[in-house]
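Letter by letter, the chains look like this.
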Amino acid sequence: MVTDEVGTRFPMYMHTAGYVTKPQQPSFNAQRTSNQGIQGGTTLIFNQARHNTGNHYNTSTGVFTAPIAGDYLFTFKSLFYAFAADEYLDLYTTVNGTTRNRYEQTGNSGQHTEIDYTEVVRLNANDTFYIIAHNRNDSVTHYSMYGNENHFSGYLLG
């Protein structure tokens, strides 16, 4: 067993073959089961967890809350409905309500657009992390994330 800074004990196993497993290591993988419209700034919500070790990802709000301080690996893949070449979709990775990074995606001349993202983020215990998609035309639901064509994952590296 390993103990974290607040005294929580986590099992860690050394197998006879020499590999180490940490079955309670915080991690999640979630998908969206239906389309999600993007109007103004919208938190992307992946409403079905494929796994959610520790239940730190909230499938109702799209927010991950770090159980302990550490470096977390986040990945995201999504397919958005077609938008024109002169249209823009901005994605913001967000820690505790503050933008960490901004990613801009231009339209694909009427074709569907796939967006992929990977980042290592240092979080403190109880920090929140989520992704906001921003449609630059705030008053209109302009883009939509396809249901079942996307995922959001996170894993505590250490």
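Presented here is an overview of the structure given in this document. Predicted model, so just to flag it, every value in this text is computed and none were measured.

## What about the pattern of salt bridges?
Reasoning step 1: In the structure shown here, the tally under the stated rule is 3 salt bridges.
Reasoning step 2: Residues Arg122 and Asp71 are paired through a salt bridge, measuring 2.7 Å at the closest nitrogen-oxygen approach. Of the two residues, Arg122 is situated in strand β13 (residues 113-123) and Asp71 in strand β10 (residues 70-80); the sequence distance between them amounts to 51 residues.
Reasoning step 3: Of the residues examined, Arg122 reaches a relative accessible area of 63% and is grouped as exposed.
Reasoning step 4: For the salt bridge of Arg100 with Glu119, the shortest nitrogen-to-oxygen distance reads 2.6 Å. Within this pair, whereas Arg100 is found in strand β12 (residues 98-106), its partner Glu119 is found in strand β13, the two being separated by 19 residues in sequence.
Reasoning step 5: On the basis of relative accessibility, which here comes to 38%, the residue Arg100 falls in the partly exposed class.
Reasoning step 6: Among the residues examined, Glu119 registers a relative accessible area of 8% and is labelled buried.

## Some words on the nonpolar core
Reasoning step 1: Membership of the largest hydrophobic core comes to 26 residues, with the highest contact counts inside it found for Leu44, Phe74, Phe76, Leu123 and Phe152.
Reasoning step 2: At the level of secondary structure, the elements contributing two or more residues to this core comprise β5 (27-31), β10, β11 (88-95), β13, β14 (128-135) and β16 (151-156).
Reasoning step 3: Dropping the residues within four chain positions of it, Phe76 is found in contact with Leu44, Phe46, Leu91, Ile115, Asp116, Tyr117, Ile131, His151 and Phe152.

## Quick look at the environment of Phe28
Reasoning step 1: Topologically, Phe28 is positioned in strand β5.
Reasoning step 2: Sequence spacing of Phe28 and Tyr155 is 127 residues, and the spatial spacing of their C-alpha atoms is 6.6 Å.

## Some details on the side chain of Gln36
Reasoning step 1: Within the secondary structure layout, Gln36 lies in strand β6 (residues 36-38).
Reasoning step 2: For Gln36, a relative accessible area of 8% puts it in the buried group.
Reasoning step 3: Within the local environment of Gln36, its side chain forms a polar contact with the backbone oxygen of Thr43, the two atoms lying 2.9 Å apart.
Reasoning step 4: In this structure the side chain of Gln36 is engaged in a polar contact, spanning 3.1 Å, whose partner is the backbone nitrogen of Ile45.

## Points about a nonpolar patch on the surface
Reasoning step 1: Together, Val120, Tyr155 and Leu157 make up an exposed nonpolar region whose accessible area comes to about 240 Å².
Reasoning step 2: Relative to the assigned elements, Tyr155 resides in strand β16.

## Examining the environment of Arg100
Reasoning step 1: Along the sequence, Arg100 and Ile131 sit 31 residues apart, while their C-alpha atoms lie 9.9 Å from each other.
Reasoning step 2: Not counting residues within four places of it along the chain, the set of residues in contact with Arg100 comprises Thr93, Thr94, Val95, Glu119, Val120 and Val121.

## So, unusual backbone geometry
Reasoning step 1: Of note in this structure, Asn55 is not a glycine but carries a positive phi near 55°.
Reasoning step 2: Note on placement: Asn55 falls in the loop between β8 (48-53) and β9 (64-65).
Reasoning step 3: Look at Asn126: it is not a glycine, yet its phi comes out positive at around 75°.
Reasoning step 4: Position of Asn126 relative to the elements: it lies in the loop between β13 and β14.
Reasoning step 5: The class of Asn126 is exposed, set by a relative accessible area of 59%.

The rules we used
Residues numbered from 1 in each chain as written. Predicted model: local features only at pLDDT ≥ 70, side-chain atom pairs only at ≥ 80, totals over all residues. Heavy atoms only, no water. Salt bridge = Lys/Arg side-chain N within 4 Å of Asp/Glu carboxyl O. Helix = DSSP H or I, 4+ residues; strand = E, 2+ residues; numbered from the N terminus. Buried < 20%, exposed > 50% of the residue type's maximum accessible area, 1.4 Å probe, protein only. Core = buried A, V, L, I, M, F, W, Y, C linked by side-chain atoms within 4.5 Å. Contact = heavy atoms within 4.5 Å. Polar contact = N/O pair within 3.5 Å; in protein donor to acceptor, adjacent residues only side chain to side chain. Patch = residues over 30% accessible without salt bridge, like charges linked within 9 Å, V, L, I, M, F, W, Y side chains within 5 Å. Areas by Shrake-Rupley, 256 points an atom, 1.4 Å probe, with all protein chains shown as cover.

In short, the description is geometric, and any link to function would need to be established separately.
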